[in-house]
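Letter by letter, the chains look like this.
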Amino acid sequence: MGKDTGFIEFEKQAIPRREVRERVQDYGEYDLNYSNSDIRRQASRCMDCGVPFCHMGCPLGNMIPDWNDLVYRDQWRDALGVLHSTNNFPEFTGRICPAPCEDSCVLNEHYTLDPEEKQKKKHSVTIEQVEKHIVERGWQEGWILPQPPQQETGKKIAVIGSGPAGLAAAQQLRRVGHQVTVFEKDDRLGGLLIYGIPDFKLDKIHVQRRIDQMTQEGVEFKTGIEIGKDLKISDLRKTFDALLLAIGAQHTRKLEADGHDLKGVHYAMDYLPQRNREVAGDVLNEEKIIKASGKKAVILGGGFTAADCLGNLNRQGVHPEVCQFELVDMLPRPTPVHEEAKMDSRANILTESLSGSTTGFVKSLNGVKVQWEKGKGMKPLENTRFSVDADLVFLALGFLGPSLEGPLQELNLEMEIRGKHETIQVEKLQQLLKSGQPMYQVRADPNFMTSCDGVFVAGDAKRGASLVVWAIWEGREAARCIDSYLMGESSLPTSPQAEMLA
Ligand SMILES: Cc1cc2nc3c(=O)[nH]c(=O)nc-3n(C[C@H](O)[C@H](O)[C@H](O)COP(=O)(O)OP(=O)(O)OC[C@H]3O[C@@H](n4cnc5c(N)ncnc54)[C@H](O)[C@@H]3O)c2cc1C
Ligand code: SF4
């Protein structure tokens, strides 16, 4: 345990953050670093509970009390070793994980049993920040080096998709001696880490450092190759002993309201990659750039994607009053970007239609307040109709599942509709999607194998749109299963989460 009395002596310290006025002028990360002594003091607050709920709350099973103790004792290199034993990319999760570990921290319970009071202030250990500092110290000190395998197995694996699931799997598989090739359809590697999540949350240098490390370990990366179009799965199966589909779940939910096709109405995933490209220095087609300076914006949706639209809009100088409407009975999760604008955030709002000008540009959004009833769905409430002005509307309505074209179509894999445990082939699902918008995922057995022998799946494609921490867990577990499939056994670690879920 860190310091016996740390949790009594020291208060939780808020994350140091750049001033709003300053940070909206650029795309640099909004979080600053604690000093070394501050982060050690924060780590010393860990009580090393007999049952560490934080560790169970972390999908990766990160050994949190162990590294908190090592940080308190100034043994950073050992802390790094423990951290890397469960997480390939702690610099990603240390910045953008919603930190379910912190919600599980027993220190939250210590001060009050009143649920309202508890919502007001969390007293948990600043676990995510300790994680970030350990790994950043590792990079600064030059402790993070490539770990090429000791011997080659002669087996070849193709990983399709370079998001966090594909990258974690590729690194694990290479380190036990397999030849790994990662195919990516985009021009840059990293999936949503690169073309979704903005730089002010995660600077892309962190992704590039890992790609460089993996290249030095011997992973081969091929960008600009779309499997299913440029190369068929049948081509890959001739060369590779196993395939991993880590293709994400980027089939977006559509807005079914009149006016959804007006000019100025944009899907978040048409906007966010464009912003990241511009920040990366790409020259964009001037006509296609979504400009926001001085415009009134409405964002539909309450998740990460919606918040990332907001942060970008703030940096483009949008009109300072931004509306954000969420259909379900939950206010949008407040994040640092919500401090940057004057927000009109509302839950239980259904968009009935969008009105446009004679030139086809969106002018206003017409909505109504709804009430949700268990098992019955929602019903509009009388006298609650309203309109707000809008020059731009961003649709961040969530994701249905992976693209059914390409690999899934070629293999006609078994899929499942979320919430229902029925199996449905890709062809039938395509029919179903013509008349509805069910959420779906690729069906896999407990060993991450799809209905096609030797073809595995991991990440959002398997569990539906989720989190980076889950994608890394999925990639690591899928790697162990692929290794066992090819070699009869595997020395790759499994996370305790896997045992609990099995
Ligand atoms: C805007 C946004 C913000 C988010 N913010 C957060 C956050 O702050 N914290 C958090 O924990 N999670 C966040 N998430 C969720 C998180 O990004 C995902 O859960 C995670 O990236 C999933 O990883 P993945 O590897 O499964 O898929 P992805 O990251 O989607 O990567 C899939 C990759 O496969 C490639 N691909 C697909 N098909 C093919 C093909 N046929 N051939 C070759 N390549 C192919 C794609 O181009 C892509 O690069 C966010 C998601 C979005 C959309
Ligand atoms: S990965 Fe996420 S849940 Fe796990 S320790 Fe880090 S912040 Fe917590």
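Above this text is the structure in question.
Rules of the game
- As a convention, each chain's residues are numbered from 1 in the sequence order in which they are written.
- Naming scheme: in the order in which they are written, chains are lettered from A and ligands are numbered from 1.
- Only residues with pLDDT of at least 70 are given local features in this predicted model, and only at 80 or more are side-chain atom pairs given and counted; all residues enter the totals for whole chains, interfaces and linings.
- Here a helix means four or more residues in a row that DSSP labels H or I, a strand means two or more in a row labelled E, and each is numbered from the N terminus.
- Here a residue counts as buried when 20 or more other C-beta atoms sit within 10 Å of its C-beta, as exposed when there are 12 or fewer, and as partly exposed otherwise, the C-beta atoms being derived from the backbone.
- A residue pair is marked as a contact if its C-beta atoms, positioned from the backbone, fall within 7 Å.
- The nonpolar core is taken to be a set of buried Ala, Val, Leu, Ile, Met, Phe, Trp, Tyr and Cys residues joined by way of C-beta atoms within 7 Å.
- Marked domain ranges trace back to an automatic or database domain assignment.
- Whether two strands pair comes down to DSSP finding at least two bridges between them.
- What counts as an axis is a line fitted to C-alpha atoms, over the stretch in contact for a helix, and the angles between N-to-C directions run from 0 to 180 degrees.
- All residues are tested the same way: a C-beta atom is placed from the backbone, and lying within 6 Å of a molecule or strand makes the residue near it.
- Note on residue classes: Ala, Val, Leu, Ile, Met, Phe, Trp, Tyr, Cys and Pro are nonpolar, Asp, Glu, Lys and Arg are charged, and everything else, Gly too, is polar.

Caption draft 1: Representation of the environment of glycine 360. Turning to its location among the elements, glycine 360 is positioned in the loop between β10 (349-356) and β11 (362-373). In this structure glycine 360 comes out as exposed when scored by C-beta crowding, with 10 C-beta atoms within 10 Å. For glycine 360 and tyrosine 267, which are 93 residues apart along the polypeptide, the C-alpha to C-alpha distance reads 17 Å. Discounting residues that sit within four places of it in the chain, glycine 360 has contacts with Leu262 and Lys263.

Caption draft 2: Quick peek at the nonpolar core. One finds Ala169, Leu244, Leu245 and Phe456 to be the most contacted residues of the largest nonpolar core, which totals 89 residues. Per-domain counts for this core show at least three residues from each of domain 1 (6-141) and domain 2 (156-251 + 400-501). Setting aside its immediate chain neighbours within four residues, leucine 245 contacts Ile160, Gly161, Pro407, Val442, Val455, Phe456, Val457 and Ala461.

Caption draft 3: View of the sheet that holds strand β8 (residues 321-325). The parallel open sheet is built from five strands, whose spatial order is β6-β14-β7-β8-β9. In this open sheet, the two strands that pair with only one neighbour each are β6 (265-267) and β9 (342-346). Strand after strand, the sheet turns through a mean of 20° between neighbouring axes, direction not considered. Alignment of strand β7 (residues 297-300) against β8, held across three bridges, turns out to be parallel. Across the sheet, residue valine 298 finds its bridge partner in β8, namely cysteine 323. Along the sheet face, helix α16 (residues 268-279) touches β6 and β14 (392-395) and points at about 75° away from the line of β6.

Caption draft 4: The arrangement of the environment of threonine 359 in detail. Locating threonine 359 in the fold gives a position in the loop between β10 and β11. On the basis of neighbour count, threonine 359 is assigned to the exposed category, with 8 C-beta atoms found within 10 Å. For the pair threonine 359 and glycine 50, spaced 309 residues apart in sequence, the C-alpha to C-alpha distance is 66 Å.

Caption draft 5: How the structure looks around the site of ligand 2. What surrounds ligand 2 is a group of 13 residues, the closest being Cys58, Thr93, Cys97, Cys101 and Glu128. When residues of the shell around ligand 2 are traced back to their parent elements, those giving at least two are α8 (100-104) and α11 (127-141). With three residues, α11 is the largest single contributor of residues to the shell around ligand 2. Tallied by class, the residues present in the shell around ligand 2 amount to nine nonpolar, two polar and two charged.

Caption draft 6: Molecular detail of the site of ligand 1. Among the 40 residues in the neighbourhood of ligand 1, the closest are listed as Gly161, Gly163, Gly191, Gly248 and Gly459. Of the residues belonging to the shell around ligand 1, the class tally is 20 nonpolar, 13 polar and seven charged.

Caption draft 7: View of unusual backbone geometry. Of note, asparagine 383 is a non-glycine position whose phi angle comes to about 55°, a positive value. Tracing the backbone through its elements, the reader meets asparagine 383 in the loop between β12 (377-380) and β13 (386-389). Phi at phenylalanine 448 is positive, roughly 65°, even though this residue is not glycine. With respect to the secondary-structure elements, phenylalanine 448 resides in the loop between β18 (440-442) and β19 (455-457). Owing to 24 C-beta atoms within 10 Å, phenylalanine 448 belongs among the buried residues under this scheme.

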